[in-house]
Amino acid sequence: MTPNDGTNGLAGVQDVLRTEQISMSFGPVVALQNVDLHLQRGEILGLVGDNGAGKSTLVKILSGLYRPDGGRIFLEGERVRFRSVQHARQHGIETVFQDLALVGELSVYHNLFLNREDTRGGWFRFLRNRAMRTAARRFLDEIGVDIPSVDTPVAKLSGGQRQAIAVARAVRRENIKVLLLDEPLAAMGAKETSLIIGLINSLSKKANISIIVIDHNYTHLFEICDRINVIQHGQVTVDKSLSEIKLEELIEFMVQSFRRDVATGDAK
Amino acid sequence: MNSNASVPREVSRHIPASGLRQLIGQHLSELVGILVAVALAIFFTIGSPNFFTFDNALVLSQFIAPFAIFALAEVPVLILGEIDLSVGQMYIVSPFFVTYFNHAGVPVLPSIILALLVCCGLGWINGLVTVKLRVPSFIATLGMAFALRGIVLIYSNGAPTNPIGSDTLVNILGGWPWSEAFWALGVAALLHVMLRGTTFGLHIVAVGGNTESARESGISVDYIKIWCFVLCALLGGLMGILDGYHLGSLDPATDGLTFTFYGVTSAVIGGTALTGGRGTMVGACIGACVLGMIKDGFLILGTSSFALDLVTGLTILLAMILNVQIERATSMRGRRGSFGHAVSSVFSIFAQRRKGRRS
């Protein structure tokens, strides 16, 4: 890991995703202010910050859900403007939103294959359920997702298993380059958390996917991430690789800045 | 009993459900439907020597077939979380389309095909109004039902007529006593394959289960919905033509909404969720059997025609209470009713025993 690659000059080509001067306001509220962010190939970047700091807004811009007021996004060195989530997806940016976007009534393998079904019979498009079931099983084993049965309706799975399926579905797209995870560990027990952390780690290693993770739990982020960015008041205030910062330092920094905000009346 | 029984139930959520156990878990409402049907059959057989006979089987099939086709037509629409209240009126109006085209000089068979196409067009309008103009399907199709009733009354001047056609064609299309039953079975088989075996069917469930997620996956939600309305209208029209030839006369004043609700009721008795996301064609047929048996059975028992609606209503209520309670007990969302919980515990214990014996 060379943390300083891509931060300046021509080395920026190394970055799979880079933003320059991203700004966005909702009416009078400034959500993001000139945000520069970069993500290297195969890297896991953690975004931390208080509620309302702008993390989610940033992820929604990168996923194509919001269009920023100003600034530029570069994907593999080329400037991109996302019109929609689908459009961003076509470019290889997959997002797992908090609502997970799975169909609870359908089985695990049908969810994995939704709208990309394996079919035969031409126009009739008969489902090749057996083939899909086998492929789903193999794929989940490959990326290390442990689900008892791929026939189970998704609604009957635990929150962690559902999250894992949602991530697996996003990763299954052929051209995926960047995976955006919005609080993948929210409201999860210890066992489920370790399931997802394991999945995220194995994905970036095996599939060489670059990942951006938002989470409130610094301990978890330190287990997953290569680099941490802190977002405060719509700006990236800290950009450190894990070799440069310790968990205690980060927590201390966050507490200090919170106290400063309280003193100046900026705290939310 | 409750606390003991809940242990294997909780475990069953995380252990791979396989074989019989999974079958029971996923098709509980259909199984309850079968139980209700069997219970009714036993009740009527004890009540009257005329129930369990070949002659009555024919009568029964003529009761069940229309209910089944209406229910089969409603299932995809209901899975989508929509409803089509115009299907029964489509049933009334379609044979009049046939006579209209025939009087205009079109031969019988092409007239029938044209009539069915008109029904498809009307279903397409139902779909468009619901999907594009965002009118709730309940109102959109109710408006369509009233409009169709008006059309058929204006066209016929309120006077009953006879359906057009003769010989083999009529025999195939409902004239032969068993014909409707075969049509119902054929339609059921076709739609079952469509719902369970094709991409279209899978997408119906996906849209009904989580519309946003389906749209996210790139499924054209509007396309799926519109085609389900078209299919529903087509089946309503088909049933109208079949029943026209079966009865041998067409009464424009018949109230179509009653037939619509027989269909919806059958589908719901068979486990289709009115809230969308869940339903099967097999369940719709079972529901139609239950409803048909209630209608036929009480007639055979000699219930007066005034009391018939009362007992029909109460029996439907009873069947549904049982179904909903069991549904709640196994539901992924709702709270557990203690009564349904008890019944489903019996089911799961039974399933475990069977499994243990096999292995």
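The structure we're discussing is the one just above.
Thresholds applied
- Residues numbered from 1 in each chain as written.
- Chains lettered and ligands numbered in written order.
- Predicted model: local features only at pLDDT ≥ 70, side-chain atom pairs only at ≥ 80, totals over all residues.
- Helix = DSSP H or I, 4+ residues; strand = E, 2+ residues; numbered from the N terminus.
- Buried ≥ 20, exposed ≤ 12 C-beta atoms within 10 Å, placed from the backbone.
- Contact = placed C-beta atoms within 7 Å.
- Pairing = 2+ DSSP bridges.
- Axes fitted to C-alpha atoms, helices over the stretch in contact; angles between N-to-C directions.
- Parallel < 35°, antiparallel > 145°, perpendicular 65-115°, else oblique.
- Nonpolar A, V, L, I, M, F, W, Y, C, P; charged D, E, K, R; others polar.
- Core = buried A, V, L, I, M, F, W, Y, C linked by C-beta atoms within 7 Å.

**A closer look at the overall build of chain A**
(1) Moving on: What chain A contains, in helices and strands, is eight helices and 12 strands.
(2) Moving on: With the principal axes as the frame, chain A shows a C-alpha extent of 65 × 40 × 40 Å.
(3) Moving on: Counting every position in chain A, which comprises 268 residues, the buried fraction comes to 43%.
(4) Moving on: When contacts within chain A are restricted to residue pairs at least 6 apart in sequence, long-range pairs at least 24 apart make up 68% of them.

**Examining the overall build of chain B**
(1) Moving on: A tally of regular secondary structure across chain B gives 16 helices and zero strands.
(2) Moving on: Across the 359 residues of chain B, 48% fall into the buried class.
(3) Moving on: In chain B, 77% of the contacts between residues at least 6 apart in sequence involve partners at least 24 apart.

**Looking at the sheet that holds strand E2 (residues 29-40) of chain A**
Sheet strands associate in pairs through backbone hydrogen bonding, adopting either a parallel or an antiparallel arrangement.
Residues and elements named next belong to chain A.
(1) Moving on: Strand order in the open sheet formed by four strands is E2-E1-E4-E5, with antiparallel pairing between adjacent strands. Bordering the open sheet on either side are E2 and strand E5 (78-80), each of which pairs with just one other strand. Across this sheet, the average inter-strand angle for adjacent strands is 25 degrees, counted without regard to direction.
(2) Moving on: Here strand E4 (residues 70-75) pairs with E5 via three bridges, running antiparallel. Residue Phe-74 lies in a different strand from E5, and its bridge partner there is Arg-79.
(3) Moving on: Strands in contact with helix H1 (residues 55-62) are strand E1 (15-26) and E2; relative to E2, the strand with the most contacts, it is inclined by about 60 degrees.

**A few points about the packing of helix H10 (residues 199-209) of chain B against helix H12 (residues 221-247) of chain B**
All names here are of chain B.
(1) Moving on: H12 packs onto H10 with a crossing angle of 110 degrees between their chain directions and a minimal axis gap of 10 Å. Relative to H12, H10 is oriented roughly perpendicular. Across from His-203, Ile-204 and Val-207 in H10, the residues of H12 making contact are Val-221, Ile-224 and Cys-228.

**A few points about the sheet that holds strand E3 (residues 44-48) of chain A**
All names here are of chain A.
(1) Moving on: As summarised here, the arrangement of the six strands in space is E6-E9-E10-E3-E11-E12, forming an open sheet in which the pairing is mixed. At either end of the open sheet lies a strand with only one pairing partner, and these are strand E6 (93-96) and strand E12 (235-241). Between one strand axis and the next, the sheet turns by 20 degrees as a mean value, whatever way the strands run.
(2) Moving on: Examined bridge by bridge, strand E9 (residues 178-182) and strand E10 (residues 210-214) share five bridges and lie parallel to one another. Across the sheet, Leu-180 pairs through a bridge with Ile-212, a residue of E10.
(3) Moving on: The strands touched by helix H6 (residues 190-207) are E3 and E10; relative to E10, the strand with the most contacts, the crossing angle is about 155 degrees.

**A short note on the interface of chain A and chain B**
(1) Moving on: Between chain A and chain B, the contact holds 22 residues from the first and 24 residues from the second.
(2) Moving on: For the side of chain A that touches chain B, the elements supplying multiple residues, two or more each, are helix H2 (85-90) and strand E8 (126-127) of chain A.
(3) Moving on: In terms of residue class, the side of chain A that touches chain B is built from 11 nonpolar, seven polar and four charged.

**Structural notes on the environment of Ala31(A)**
All names here are of chain A.
(1) Moving on: Along the chain, Ala-31 falls in strand E2.
(2) Moving on: Exposure remark for Ala-31: the 24 C-beta atoms within 10 Å place this residue in the buried category.
(3) Moving on: Spatially, the C-alpha atoms of Ala-31 and Ala-88 are 21 Å apart, while their sequence positions differ by 57 residues.
(4) Moving on: Once residues within four sequence positions are removed from consideration, Ala-31 is found in contact with Met-24, Ser-25, Phe-26, Gly-54, Thr-57 and Gly-234.

**A short note on the pairing of E10(A)**
A regular strand carries its side chains on alternate faces of the sheet.
Residues and elements named next belong to chain A.
(1) Moving on: Within E10, five of the five residues are buried, which leaves the element mostly enclosed by the surrounding structure.
(2) Moving on: Burial along E10 is two-sided: the face carrying Ser-210, Ile-212 and Ile-214 and the face carrying Ile-211 and Val-213 are both buried.
(3) Moving on: Relative to E10, E3 runs parallel, the two being bridged by four bridges. Considered in E10, the bridge of Leu-45 is made with Ile-212.

**Quick look at the nonpolar core**
(1) Moving on: Within the largest apolar cluster, 166 residues are counted, with the highest numbers of intra-cluster contacts made by Ile212(A), Val213(A), Ala68(B), Ile69(B), Leu72(B), Leu235(B) and Val290(B).
(2) Moving on: With 15 residues, helix H4 (residues 54-79) of chain B is the single largest residue contributor to this core.
(3) Moving on: Other than its neighbours up to four places away in sequence, Leu72(B) contacts Val187(B), Ala188(B), Leu191(B), Leu235(B), Met281(B) and Ala284(B).

**Quick word on the pairing of E2(A)**
Residues and elements named next belong to chain A.
(1) Moving on: Inspection of the sheet shows E1 paired to E2 by eight bridges, in the antiparallel sense. Of the residues in E2, the one forming a bridge with Leu-17 is Leu-39.
(2) Moving on: In this structure, the hairpin formed by E1 and E2 is closed by a connection of two residues, where Gly-27 is found at a positive phi of approximately 60 degrees.

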